[in-house]
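Chain and residue survey
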Amino acid sequence: MRKVLILGATGSIGTTALNAIRAGKLKAKVTGLVAFHNENKLRELSNEFNCPYILNTSSEILKDFIFSHPADIALNGIAGASGLEASLLCLYAGMDLALANKESVVMGGKFLFSEAERMGRKIIPVDSEHSAIYHLIQDHSDVSSLVITASGGPFFGRKDLDSITPEEAANHPTWKMGRKISIDSSTLANKGLEVIEAGFLFDISADRIEVTVHRQSVVHSMIRLTDGSVYAQLSPPDMTLPIVSAVNDGNHELHDVVSPLSFSNLTLTFQKWSEEEFPLLSLAYTVLRKKASFPIAYNAADEVAVQAFIDGKIKYTDIAIVVKAVIDTCLWTKTCTSYNEIMEADALARKVACECLLSL
Ligand code: NDP
Ligand code: MG
């Protein structure tokens, strides 16, 4: 039986993973559970899955727990920048990583992958688009570009964005996810993070990553080959499949993980996105081209701006203004080569973002 440590166990990714284990879709033994605030739920889960848990209250506690509860693979479903430390600790403890926490890749960049290589561990993406590409490219080496699909969020085509509330922004049309990623999906900052994530995961330049708006979220991503053909991965919009396939990592044959698609009444559409409508996606391409600490600053600024929007301090349309202002300071030319350097860049970007909030 495959052993799995689950980080972010009380969130959307963690819950989907545990449901898949309950339903027998993922054959795995849970060795430990980690979350942040929700101790009541964590205690219930720990009783049900007969394993220990911790609340991540300090780096030392997290490290001790991860090192004393080894597994074949860790599923990192922590939300936000603190996921990076957990990802690194899991690699250092000798575990492969089923990685939903895209911030780990965006912030850690080359450093994260070189640490995985040094430790001889694999990083398997859980984000549905990257999971699709990860599986598609295993059979093809002649890839010319990646085509990432975006649902377009709840406001695609809408013009009056100033009055949007956090509740409206968090209400995603096709996916049920945590609040931060849902709001990011509406601004397409989530797609921006995913473009950066794809750049590092697949070691591919920004010019070879396309984004197409696909409202149905059935085609999870595609690859173009040099011969002109395109391969796509299709499945219902359900995170169970990318989570199960990453954690299982080819160990067992998988059956009936999601319901089969019916083609008797299925319309698939693909549309262009525009820079004016989605400035945060456009900015992510700039950030991926520049690399250095720009991706760290993009992520940190977006986290600060989204929180300020949730707290009612800024308008919906100010999120992009804050992130762009932070990136435009051009303080981000240093390439970080350690965890501490990454966290210093992250802290500086948060400070600059807070200053931008005050000047709005
Ligand atoms: P949620 O907000 O639903 O859940 C976040 C989880 O992380 C909770 O269990 C929370 O614990 C825990 N957590 C937060 N901070 C810490 C911390 N410092 N240490 C330990 N645990 C912490 O988020 P999602 O599940 O939606 O997203 C998680 C990650 O997966 C994000 O990076 C997101 O971008 C990515 N992702 C999510 C998808 C989805 O469908 N939800 C799809 C693709 C990627 P507590 O409840 O105790 O606060
Ligand atoms: Mg995704």
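As a further point, take the pairing of strand β1 (residues 2–7). The buried fraction of β1 amounts to five of the six residues, a majority that puts the element mostly inside the structure. In this structure, β1 lies alongside strand β2 (residues 28–35), joined through six bridges in parallel fashion. By the bridge assignment for β2, Leu7 is matched with Val34. For the segment spanning β1, helix α1 (residues 12–22) and β2, crossover handedness is right-handed. Examined bridge by bridge, β1 and strand β4 (residues 73–76) share four bridges and lie parallel to one another. Looking across to β4, one finds that Leu7 is bridged to Asn76.

Read from one edge of the open sheet, six strands run β3-β2-β1-β4-β5-β6, paired in parallel fashion. Edge positions in the sheet fall to β3 (53–55) and β6 (123–125), since each of these pairs with one other strand and no more. Recorded for the sheet is a direction-independent mean angle of 20 degrees between the axes of neighbouring strands. The sheet contact formed by β4 and strand β5 (residues 96–99) spans four bridges and is parallel. Residue pairing for β5: Leu75 is matched across the bridge by Ala98. Against the sheet, helix α3 (residues 59–68) makes contact with β1, β2 and β3, and its axis sits at roughly 165 degrees relative to β3, the strand it touches most.

Contacts to ligand 1 come from 24 residues, most closely from Thr10, His37, Asn38, Glu103 and Gly178. Take His37: an N or O atom from its main chain is 2.7 Å from an oxygen atom of ligand 1. Here ligand 1 loses 88% of its free accessible area of 900 Å² to cover by the protein chains. Counting residues per element, the ones that place at least two in the shell around ligand 1 are α1 and α5 (102–119). Here the residues of the shell around ligand 1 are counted per class, giving ten nonpolar, eleven polar and three charged.

Strands sit in the order β8-β7-β9-β10 across an open sheet of four strands; the sheet is mixed. The sheet is open, and its two borders are formed by β8 (209–213) and β10 (230–234), each paired with just one other strand. Averaged over all neighbouring strand pairs, the angle between strand axes comes to 20 degrees, with direction disregarded. Of the strand pairs in this sheet, strand β9 (residues 219–225) and β10 are connected by five bridges, and their pairing is antiparallel. Its bridge partner lying in β10, Ser221 is registered against Gln233.

Okay, helix α14 (residues 339–358) next. Helix length check: α14, at 20 residues, gives a terminal C-alpha distance of 29 Å against a target of 28 Å (1.5 Å per residue), a fit within 8%. Within the span of α14, buried status applies to Ile342, Ala345, Asp346, Ala349, Val352, Ala353, Cys356 and Leu357. Buried residues of α14, viewed axially, fall in a sector of 145 degrees; they line one side. Turned more than 90 degrees away from the buried face of α14 sit Asn340, Glu344, Lys351 and Leu358, all of them exposed. Considering only its buried residues, α14 is in contact with α4 (83–92), α5, α12 (294–310) and α13 (318–328).

Calculation criteria
Residues numbered from 1 in each chain as written. Chains lettered and ligands numbered in written order. Predicted model: local features only at pLDDT ≥ 70, side-chain atom pairs only at ≥ 80, totals over all residues. Heavy atoms only, no water. Buried < 20%, exposed > 50% of the residue type's maximum accessible area, 1.4 Å probe, protein only. Helix = DSSP H or I, 4+ residues; strand = E, 2+ residues; numbered from the N terminus. Pairing = 2+ DSSP bridges. Right-handed = clockwise from strand over helix to strand, strands pointing away. Axes fitted to C-alpha atoms, helices over the stretch in contact; angles between N-to-C directions. Contact = heavy atoms within 4.5 Å. Near = heavy atom within 4 Å. Polar contact = N/O pair within 3.5 Å; in protein donor to acceptor, adjacent residues only side chain to side chain. Areas by Shrake-Rupley, 256 points an atom, 1.4 Å probe, with all protein chains shown as cover. Nonpolar A, V, L, I, M, F, W, Y, C, P; charged D, E, K, R; others polar. Expected span 1.5 Å × (residues − 1). Arc of directions from axis to C-beta.

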